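# Commentary on secondary and tertiary structure
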Amino acid sequence: MHILIYSYNYHPEPIGIAPLMTELAEGLVKRGHKVRVITGMPNYPQREIYDGYQNKWYLTEQKNGVTIERSYVRIKSKPKLVDRLLLELSFVFTSLPQAFKGGRPDVIILTVPPLLGTLPATTLGWLYNCPVVLNVQDILPEAAVRIGLLKNKLMIRTLAALEKFAYRTAHTISVIADGFRENLVNKGVPVNKIVCIPNWVNVNFIRPLPKQSNSWISNHQLNGKFVVLYSGNIALTQGLETVIEAAVCLRHIKDIVFVIVGESTALQRLQEYCQSNGADNVLLLPLQPREKLPEMLAASDVGLIVQKHNVISFNMPSKIPLLLASGRPIVGSVPATGTAAKAIELSGGGIVVEPESPQSMATAVHDLYANPALGRKLGNTGRQFAEENYSLEQALDRYEWLFSHIVTNRKSTVGILPKFDSKKSVVDG
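What comes next concerns the included structure. Source: prediction; values computed, not measured.

Counting its secondary structure elements, the chain contains 15 helices and 14 strands. Against the globule reference of 22 Å for 429 residues, the chain gives a C-alpha radius of gyration of 21 Å, in line with a compact fold. For the C-alpha atoms alone, the extent of the chain along its principal axes is close to 65 × 45 × 45 Å. Counting only residues that meet the buried cut, the chain has 55% of its 429 residues in that class. Taking contacts inside the chain between residues at least 6 apart in sequence as the whole, the part at least 24 apart equals 73%. Counting every atom, the chain has about 18,100 Å² of accessible surface; 53% of that belongs to carbon and sulfur. Averaged over its 45 positive side-chain charges, the chain has a centre that lies 5 Å from the centre of its 35 negative ones.

Quick look at the structure:
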């Protein structure tokens with residue numbers, strides 16, 4: 001089968017959707033499929049085109065059997081709303097010529113956001129008469145409006161119309177959590193267009209490792225420390241100030257260190273917040289190379305998932321499967337009714353506390369520090385849950401099955417994916 005993946009983010013970008021789409025593409029190639037990826041020049045999360053990709057309009061690469069067709073994107077290091085729009089528009093116009101280079105695909109999978117990517121992918125689907133699968137990682141513009149990122153009423157109406165167009169024109173919509181499906185159905189999307197395939201983790205790459213003889217620990221002078229780790233995107237939806245304030249609550253315990261790993265520009269703001277609050281037990285580090293990820297996770301005793309109280313219910317952090325697979329307990333400072341809280345609770349691999357409450361987070365961390373047996377129990381349970389529900393092989397099975405069914409039948413998606421017990425899993429076909 002010839003599969004075209006339309007994704008703005010891809011390898012070598014280290015976080016977000018890029019590693020997931022890279023694993024999906026390479027996994028499908030290993031199963032005998034021809035896979036092409038249409039993507040932009042790598043720039044995330046620094047918002048700067050990576051070395052080796054600058055000053056180029058187009059570039060074709062081969063990596064692990066995948067053909068990667070890259071195109072120019074307009075990047076600003078400190079983007080305003082109009083800059084974000086121009087970024088998406090640049091990808092729309094420059095990516096389409098790349099998409100036509102490789103012949104007719106059997107199926108197109110498009111990741112959103114960005115929403116404007118719907119336009120070239122849909123155009124390609126119409127011209128080639130091939131189905132488009134919309135892979136929804138976040139629901140825009142609703143999420144951006146809720147957290148205050150998007151306030152312009154005309155822009156909100158325009159994006160809402162584009163969202164409606166995307167759902168209407170897609171053959172199938174793949175969502176990563178049940179909360180997404182409920183949101184789409186409430187917006188009038190037919191339930192038979194929607195399948196739920198959660199994001200995954202390579203459980204062979206991310207696995208429980210001992211803290212002993214861990215070079216990442218020694219390299220960062222964390223020997224003998226109880227490490228509380230947050231790693232990933234630092235954005236408006238998180239509110240990392242809560243983590244710093246929780247660290248201040250635990251300053252009297254010298255063994256406990258909070259480590260925040262993220263994009264360098266965002267860390268500068270957090271550094272100032274640490275200094276103003278006297279948080280001398282917080283270590284701020286830039287994003288680590290992906291090959292260091294297993295060691296970094298193994299260096300931790302607790303993994304943090306952090307959201308603000310106003311994050312909408314269907315936001316599902318991709319860090320949850322990673323932390324569960326690493327065998328480390330999670331402290332989730334997330335809304336109790338949200339998808340993230342449901343995932344943590346169903347996994348049995350963590351503790352959910354009130355969002356934006358430093359004291360609640362500090363109490364949960366202290367409980368795990370004082371009770372190592374509890375941490376081990378939660379970590380082991382979470383690892384087992386990840387193996388049973390979030391493995392890359394399971395995701396490949398389900399996507400391969402979905403693509404095969406669509407190409408063969410071009411009919412409703414209802415009933416083609418196996419049902420899972422909702423009491424045991426967040427995966428629900």
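There is more to say, and it comes next.
Spatial strand order, β3-β4-β2-β1-β5-β6-β7-β8: eight strands in an open sheet with mixed pairing. Each end of this open sheet is capped by a strand with a single partner; those strands are β3 (58–63) and β8 (194–196). On average, adjacent strands in this sheet sit at an angle of 20° to one another, irrespective of strand direction. In this structure, strand β5 (residues 107–112) lies alongside strand β6 (residues 132–136), joined through five bridges in parallel fashion. Across the sheet, Thr-111 pairs through a bridge with Asn-135, a residue of β6.

Positionally, Thr-67 belongs in strand β4 (residues 66–71). A relative accessible area of 16% places Thr-67 in the buried class. Thr-67 has contacts with Val-35, Arg-36, Val-37, Thr-60, Glu-61 and Gln-62, leaving out every residue within four places of it along the chain.

With 74 residues, the main nonpolar core has Tyr-6, Leu-134, Val-136, Ile-173, Val-259 and Ile-320 as its most contacted residues. Ranked by the residues each element gives to this core, the list is headed by helix α5 (residues 153–169), at five residues. Discounting chain neighbours no more than four positions away, the residues touching Tyr-6 are Ile-38, Phe-91, Ser-95, Leu-96, Ala-99, Ile-109, Leu-110, Thr-111, Pro-120, Ala-121 and Leu-124. Listed in part, the 32 residues of the second largest apolar core include Val-228, Ile-234, Cys-274 and Val-365.

A few words on the layout of surface pockets. Once rolled over the atoms, a probe with the size of a water molecule shows which space is left empty. In this structure, the second largest pocket spans a volume of roughly 560 Å³. Breaking the lining of the second largest pocket down by element, the ones donating at least two residues are α1 (17–30) and α15 (392–409). If one sorts the elements of the lining of the second largest pocket by residue count, α1 sits on top with six residues. The residue makeup of the lining of the second largest pocket, split by class, is ten nonpolar, eight polar and ten charged.

With that settled, the discussion passes to the packing of aromatic side chains. Aromatic ring pairs are described here by two measures, namely the spacing of the ring centres and the angle between the planes. By the definition in use, this model includes nine aromatic pairs. Ring centres of Trp-57 and Tyr-72 lie 4.7 Å apart, and the angle between their planes is 40°; this geometry places the pair in the tilted category. Here the residue Trp-57 occupies a position in the loop between β2 (34–40) and β3, and Tyr-72 occupies one in the loop between β4 and α2 (81–99), the gap between them amounting to 15 residues. Residue classification places Tyr-72 among the partly exposed positions, given a relative accessible area of 32%. With 6.1 Å between their ring centres and 80° between their planes, Trp-200 and Tyr-399 make a pair best called edge-to-face.

In the structure shown here, the tally under the stated rule is 16 salt bridges. Between Arg-269 and Glu-241 there is a salt bridge, with its nearest N and O atoms 2.8 Å apart. Of this pair, Arg-269 sits in helix α9 (residues 264–277) while Glu-241 is found in helix α8 (residues 241–249), placing the two residues 28 residues apart along the sequence. Judged by relative accessible area, which is 25%, Glu-241 ranks as partly exposed. Between Arg-251 and Asp-280 there is a salt bridge; the shortest N-O distance is 3.2 Å. On the criterion of sequence distance, the pair formed by Arg-251 in the loop between α8 and β10 (256–262) and Asp-280 in the loop between α9 and β11 (282–286) is long-range, its members being 29 residues apart. Look at Arg-251 and you get partly exposed, because its relative accessible area is 33%.

Here is what the cut-offs are and how they apply
- Residues numbered from 1 in each chain as written.
- Predicted model: local features only at pLDDT ≥ 70, side-chain atom pairs only at ≥ 80, totals over all residues.
- Heavy atoms only, no water.
- Helix = DSSP H or I, 4+ residues; strand = E, 2+ residues; numbered from the N terminus.
- Rg over C-alpha atoms; globule rule 2.2 N^0.38 Å.
- Buried < 20%, exposed > 50% of the residue type's maximum accessible area, 1.4 Å probe, protein only.
- Contact = heavy atoms within 4.5 Å.
- Areas by Shrake-Rupley, 256 points an atom, 1.4 Å probe, with all protein chains shown as cover.
- Lys, Arg positive; Asp, Glu negative; His and termini not counted.
- Charge placed at Lys NZ, Arg CZ, Asp CG, Glu CD.
- Pairing = 2+ DSSP bridges.
- Axes fitted to C-alpha atoms, helices over the stretch in contact; angles between N-to-C directions.
- Core = buried A, V, L, I, M, F, W, Y, C linked by side-chain atoms within 4.5 Å.
- 1 Å grid on protein atoms, 1.4 Å probe; cavity = no way out; pocket = protein on both sides within 12 Å on 5 of 7 lines; lining within 4 Å.
- Points joined across faces, edges and corners; volume = space filled by probe spheres on them.
- Nonpolar A, V, L, I, M, F, W, Y, C, P; charged D, E, K, R; others polar.
- Phe/Tyr/Trp six-rings, centres within 6.5 Å; stacked < 30°, edge-to-face > 60°.
- Salt bridge = Lys/Arg side-chain N within 4 Å of Asp/Glu carboxyl O.

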